[in-house]
Amino acid sequence: MQMHSFTIQALGDAAIEICLGDAISPNMLDQVTAVSRLISDNPPPGLLDVIPAYTSVTLLFDRAQFSPTNIDEIAALLAAAPETRKTTHTEDLPILHIPVCYEPPFGTDLLQLSDQLQLPISEIVSLHCTPTYRVYMMGFLPGFPYMGIVPEAMQLPRKPQPAHATSGSVAIAGSQTGIYPVDSPGGWWCIGSTPLRSFNSADPLTVLWQPGDQVRFIPVSLDAFHDIQGYSKHLSFTDLRLQGGWPL
Amino acid sequence: MMEVVQAGLLVTVQDAGRIGYGSVGIHPSGAMDKEALYLANALVGNDDNTAALEMHMPAGKYRFHVDTWIAITGGQLEPLLDGTAMPMQYPVLVRKNTILHFGKARQGFRAYLAVAGGFDIPLWKGSAATDLAAGVGGWQGRALQRGDRLPICQTHQPLHVRPSLVTPDSDQIQLSDTDIVDCLPGPDISLLEPQQQKTLWSTTLQVQPHSNRMGIRLRSVIPITGDLPSLISSAVVFGTVQLLPNGELICLMADHPTTGGYPRVLQVPYYEWGKLAQLRPGATFRVQRTELAAAVLRNHLLLSNHEARRNSIRLAIQSYLV
């Protein structure tokens, strides 16, 4: 894996954005993870946060200490980093199994989506449950995972108008799929809901996910949804991760 | 303890915010006008980053159940103690059972109420800031409601304050001229056609009514139209100005999400944030281009001036501690 292909620029007056490419891919995920780790392991003075995204890593600095020369220092750190690193072998990663109920009252956008895609709902559900997804990044809301890649046949740009999405809603937009960790307005198409929590301010991990995670969706009935919701609510995120989500 | 007798429109517990958890998507939250928050805290002898209230009009009505020193800074929302005008930008001793309410919003948009010792609010991830989107932090993760009783930390209370020692300098308390806001070019500005860029730097922007703590919505009097590519989501920060598909701009503020996918066309530097935070819906301004090195210098100057001012205020107060 090449480490030395990047562009670097300021984002505002106290942040630096490192761009590593312009396409979402598992290889890019590895690069983003490696750069995030490199910076976190060699923190420059005043570093407050490291925010990995699909193809970029953004560094936030204390503005009292920030100087434009920080950009050159980070560039030098990246340029001096080893050029190749081992690519993550996904077979080594555990898979988080996420139960999803695609039945009413969930999946509030399924009818409209089915109409737009000219696909029966059963086909959308089956397509959505086919791939093993990766968590590429978190953003938007605490613990909102940006996962990909959604099968092409069910890809559709985000909704024209944002609407209310309830906590647990599983949604898609373009090649991405995600889960609303809390009630929120949002522009993604809601196709189901998971009974598992993915954000808990009292949990030591705070969120269920980590970038790089592998995820599979398992369709469940409404009855099973309620059962799992009852059983799972006392489990910590560490427990859920150890048991691979909620394998059925 | 301070009791909410009548709820305000959006009164939340805030401090400097929750920085360092962007990788899991936790919003920074915190005060919109950070320098006003820090000043309010200094005036009652607190550390800058002490939990205080951020208030919008209508700002609500409160009863103090203990004797406490308070200070209100930021927008001039006409605070009244038992019906009598209370000075702003100044420490005031409030006696038990006093009622604080507000008259008219005369200038600015949001104010900060600090109490000596600070509100006793449990920290979540190192901050007392209310995260409204996630419903965590602050006071039960939400805006204050009627009947809430906020505990106040016990502290040494300043007994006497000599006015001359704590009159804040005029630069800090007067809201600056908001006709012009300095901006840096954003990382995605080159996606705009040269003509669109020219428009952006010369147009007048108007603050829209659906602005909130997440962002100030801006409409350009000269529409900035044209197809813009949809981008791969990446990090955004306080002050990032995104161009939305409908031509509206949003300047991200305290409750901004950590990432976004709209073109980041401008970036408002820190020293201008207080101005933005005090703009009311309908206010207009133009943007003026500045460069990174100049903006960083201005930031450092503002930070050190304000810090020196707060330190002298704290010294003035300390010499009158019980």
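Up top you'll find the structure we're talking about.
Below is a summary of the structure that appears in this document.

Conventions adopted
- Residues numbered from 1 in each chain as written.
- Chains lettered and ligands numbered in written order.
- Predicted model: local features only at pLDDT ≥ 70, side-chain atom pairs only at ≥ 80, totals over all residues.
- Heavy atoms only, no water.
- Pairing = 2+ DSSP bridges.
- Helix = DSSP H or I, 4+ residues; strand = E, 2+ residues; numbered from the N terminus.
- Axes fitted to C-alpha atoms, helices over the stretch in contact; angles between N-to-C directions.
- Contact = heavy atoms within 4.5 Å.
- Buried area = accessible area lost by both parts, 1.4 Å probe.
- Salt bridge = Lys/Arg side-chain N within 4 Å of Asp/Glu carboxyl O.
- Polar contact = N/O pair within 3.5 Å; in protein donor to acceptor, adjacent residues only side chain to side chain.
- Nonpolar A, V, L, I, M, F, W, Y, C, P; charged D, E, K, R; others polar.
- Buried < 20%, exposed > 50% of the residue type's maximum accessible area, 1.4 Å probe, protein only.

### Some thoughts on the sheet that holds strand 5 (residues 95-100) of chain A
Residues and elements named next belong to chain A.
In step 1: Spatially, the seven strands line up as an open sheet ordered 5-13-6-7-10-9-12, and their pairing is mixed. Of all strands in the sheet, those with a lone pairing partner are strand 5 and strand 12 (189-193), marking the two edges. The mean inter-strand angle of the sheet, taken between neighbouring strand axes irrespective of direction, is 35 degrees.
In step 2: By the bridge criterion, two bridges tie strand 6 (residues 133-138) to strand 13 (residues 214-219) in an arrangement that is antiparallel. In the sheet register, Tyr133 faces strand 13, and the bridge partner there is Val215.

### What about the interface of chain A and chain B?
A common measure of how large an interface is: the accessible area buried when the components associate.
In step 1: Every contact between the two is made by 43 residues of chain A and, on the other side, 39 residues of chain B.
In step 2: Carbon and sulfur atoms supply 65% of the area that chain A and chain B bury against each other, a total of about 3,000 Å² over both sides.
In step 3: The three residues of chain A that bury the most area against chain B are Leu11, Asp13 and Arg63 of chain A, which together make up 21% of that side's buried surface.
In step 4: Counting every contact that joins chain A to chain B gives one salt bridge.
In step 5: Its salt-bridge partner being Arg264 of chain B, residue Glu17 of chain A comes within 2.5 Å of it at the nearest N-O pair.
In step 6: For the pair chain A and chain B, the number of links is 13 residue pairs in polar contact (both at pLDDT 80 or more).
In step 7: Sort the elements by how many residues they give to the side of chain A that touches chain B and strand 3 (residues 47-52) of chain A lands first, with five residues.
In step 8: Each residue belonging to the side of chain A that touches chain B can be placed in one class, and the counts come to 25 nonpolar, eleven polar and seven charged.

### What to know about the sheet that holds strand 3 (residues 52-56) of chain B
Residue and element names in this part refer to chain B.
In step 1: Reading across from one edge, 2-3-10-5-8 is the order of the five strands in this open sheet, with antiparallel pairing throughout. Each of the sheet's edge strands pairs with one partner strand only, and the pair in question is strand 2 (12-14) and strand 8 (92-94). If you compare each strand with its neighbour and ignore which way they point, the axes differ by 35 degrees on average.
In step 2: In this sheet, strand 3 lies alongside strand 2 in antiparallel orientation, the contact comprising three bridges. Paired with Thr12 across the two strands is Glu54, which belongs to strand 3.
In step 3: Strand contacts of helix 1 (residues 34-43): strand 2, strand 3, strand 5 (68-76) and strand 10 (107-115), with the helix running at about 155 degrees to strand 5, the strand carrying the most contacts.

### Brief notes about the environment of Ala254 of chain B
All names here are of chain B.
In step 1: Note that Ala254 resides in the loop between strand 17 (249-252) and strand 18 (259-260).
In step 2: Note on Ala254: relative accessible area 0%, which makes it buried.
In step 3: Considered as a pair, Ala254 and His27 are 227 residues apart in the sequence and their alpha carbons are 8.1 Å apart.
In step 4: Once residues lying within four places of it in the same chain are set aside, the contact partners of Ala254 are Pro28, Ser29, Gly30, Ala31, Met32, Arg213 and Phe238.

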